[in-house]
Structure formats: C-alpha cells, structure tokens
Amino acid sequence: MYKGSSTFLKGTQSANPHNDYSQHYVDTGQRPQNFIRDAGIQDRFEEYPKLKELIRLKEKHLQERATPPTYLKCDLETFDLKSIDIKFDVIYVNPPLEEYHRRAAGVVINQKPWEWEDVLKLEVENIGSPRSFVFIWCGAAEGLDWGRRCLRKWGYRRCEDICWIKTNFKSPGHITYLESSSVLQHCKEHCLMGIKGTVRRSVDTDFIHSNVDIDLVITDDLPGAEKPMELFNIIEHFCLGRKRLHLFGDDAAIRPGWLTLGPDLSSSNYSRETYKAYFEKPEDSVLGYQNEIEVLRPKSP
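Cut-offs applied
Residues numbered from 1 in each chain as written. Predicted model: local features only at pLDDT ≥ 70, side-chain atom pairs only at ≥ 80, totals over all residues. Heavy atoms only, no water. Buried < 20%, exposed > 50% of the residue type's maximum accessible area, 1.4 Å probe, protein only. Helix = DSSP H or I, 4+ residues; strand = E, 2+ residues; numbered from the N terminus. Pairing = 2+ DSSP bridges. Core = buried A, V, L, I, M, F, W, Y, C linked by side-chain atoms within 4.5 Å. Contact = heavy atoms within 4.5 Å. Patch = residues over 30% accessible without salt bridge, like charges linked within 9 Å, V, L, I, M, F, W, Y side chains within 5 Å. Areas by Shrake-Rupley, 256 points an atom, 1.4 Å probe, with all protein chains shown as cover. Salt bridge = Lys/Arg side-chain N within 4 Å of Asp/Glu carboxyl O. Lys, Arg positive; Asp, Glu negative; His and termini not counted. Charge placed at Lys NZ, Arg CZ, Asp CG, Glu CD.

### Comments concerning the pairing of strand E3 (residues 128-139)
Looking down a regular strand, the side chains alternate between one sheet face and the other.
Working step 1: Summarising burial for E3: ten of the twelve residues are buried, a large majority.
Working step 2: Bridge analysis of strand E2 (residues 88-93) against E3 gives five bridges, and the strand direction is parallel. Paired with Val90 across the two strands is Phe133, which belongs to E3.

Structure (structure tokens):
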C-alpha cells in the first residue's frame, strides 16, 4: 500500500508539506471533514462571545418555557394524527428508511423499515399550523426526491437543506454502511426543511430568529436511523413556536418542549387534555420576547 505523499509535491516548487486531505484519507482512513475547525457545538462560538452569550440566553429561555416531555407509543401506520387535535409549529420527521437497512453491513437494526410511499401517506398536512415548518430526514440517495414529494403533498415549500457531514474520529478507516450499487460511499445525509404560509425573517420576529446557527451538522456517524441531537438545537433556536412534534421518536429522543410519537417508545404519558392545556392562552403559543436576546441576535435586512 502506498504510504507517502512526496509524489504530490513534484512540480509545486515547494518542499513544504501540503494539506492533501484526500491522500491523508488514503494513508490513515481519516475523512477530510475530521479537520474542520470548531465543528462541535461546545466550542463553535468560543471566538464569538456575543453569539456564545446569545446561545446561553436562548437555552435558558427554552428551559424556562418548555412544556414537560410528552410521549406516546403508537403505530404511525394506523394512528390518526388528527386525533391529537393540535396544529403544530414544528414537525420533525425521522423515518426508519429502507435505505438504512439496505446499506447496513451486517448491522442489526431493530426497526421496521419504511418505504417512501408509506412516509408519503402520513397526513402531516392535517396537523401543521398556517405558519409552520417541517424537517424531514431523507438519507443520502433517492430520499432527496421523495422528501420533496412529501413536502409538496403536505403543503410545504422546500426552503433549506441541512446537511449532516459524518466524521469518523472514533473509527478511522471503518465504514459502517455500504452502498452495494456505488463505488463511492456516502458520508453525509440530508434533512430537508419545508415552510408553510408566509414568514418574513425581518418582520415575524415573534416566531423565528434567523442566522443563529449554520445549516451543517458535523459529528461522527451514528447507528441505524439515529440522528444527531444537534438538530433539535437548530430547530429550537430558529423557531419560537412552542408546539413541537417529533414523529418516529424513541426513548433517547424524548425531550422537554416536544411531543414525541413512535412505535419504538417503551411507554406513554400523553394525555390530550393535559397537553392542550399547555397552550390555552394566545401568549402560550410562542416563547415570548426577551430584550437581551433581541439585542444580541443577528438581524436580517
């Protein structure tokens, strides 16, 4: 196996080593994205004290205004989403796609795979508020086209693509998933974001705060259909609506401020009357105004 990089220095008129991340991957198995600086959420804002303080204030505000963690074990193929009788501001969809099972190299995934035709049948259009957002994980292959179809069917317009770039710090050179029909292997996944209604970033500041986070998540690969928890932070920092629904959640994804539905939950604590009582007053629908956050947050023209 070739171990040197001297060949790549010929003709450069330089004896200094170059940052040849592709060759470094061949030599060591470490993906180029492993070397992106300040990728982790813990140290991303170290050089930006105002943004760091903004995130701290937002997290504190979210904790103070979050509804208790609420969850319901149910079969989403037969469950009537309209029975919840709530119009949600945010709907987060993380289906256990057939793609994850197809490319699992001997890894056992204890979830029934969903075809995209079945995801399309979910009646998300009946539970979104007039101004609301959908976030749907689409995998890395045919799911991008199917994700767009789902958004159109549910009454949403695609407005953003959040990309999960997968590092391999913990297991360099090891490939967890293999695409049998591809020479090059995927090391990213996409989460499409859809919008319903009219939301203007410079006007509707009671409902959204733009430009707080980036549209990239950079973490190590995770097993099965598991996704980075950082996406929850991105959603919560962006949308100030308090009615948040997570479809296909499990016990690890139960979170304050969210109603979690899915067949992989071990128990339920959901009561329709109790949950609706959290939003009885009009001011209960959003997190509310805080002057410190308003001063620090990035403004849109």
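### Side note on the nonpolar core
Working step 1: Core analysis: the largest hydrophobic core is formed by 59 residues, its most contacted members being Ile91, Phe133, Ile136, Trp154, Leu247 and Leu261.
Working step 2: At six residues, E3 tops the list of elements feeding residues into this core.
Working step 3: Setting aside residues up to four positions removed in sequence, Phe133 forms contacts with Asp89, Val90, Ile91, Tyr156, Met193, Gly194, Ile195, Val199, Phe207, Ile208, Phe238 and Cys239.
Working step 4: If you look at the next biggest cluster of nonpolar residues, it comprises six residues, including Leu54, Ile55, Leu57 and Val212.

### Brief notes about unusual backbone geometry
Working step 1: Despite not being glycine, Asp85 has its phi angle at roughly 60 degrees, a positive value.
Working step 2: By the element assignment, Asp85 lies in the loop between strand E1 (70-73) and E2.
Working step 3: Its identity is not glycine, yet Phe248 carries a phi of approximately 70 degrees, on the positive side.
Working step 4: With respect to the helices and strands, the residue Phe248 is situated in the loop between strand E7 (244-247) and strand E8 (259-262).
Working step 5: Phe248 gets classed as buried once you look at its relative accessible area, which sits at 9%.

### Digging into a negative patch on the surface
Working step 1: A grouping of Glu226, Asp250, Asp251 and Asp264 is seen on the molecular surface, where their side chains present a negatively charged patch.
Working step 2: For Asp251, the position within the fold is in the loop between E7 and E8.

### Points about the pattern of salt bridges
Working step 1: If you walk through the whole model with that rule in mind, you get 14 salt bridges.
Working step 2: Arg131 is the partner of Asp204 in a salt bridge, and the nearest nitrogen-oxygen pair spans 3.8 Å. Note that Asp204 is positioned in the loop between strand E5 (188-196) and strand E6 (216-220) and Arg131 in strand E3, a separation of 73 residues in sequence.
Working step 3: Given the relative accessible area of 26%, Arg131 is considered partly exposed.
Working step 4: One salt-bridge network, held together by shared partners, links Lys166, Glu189, Asp221 and Lys227.

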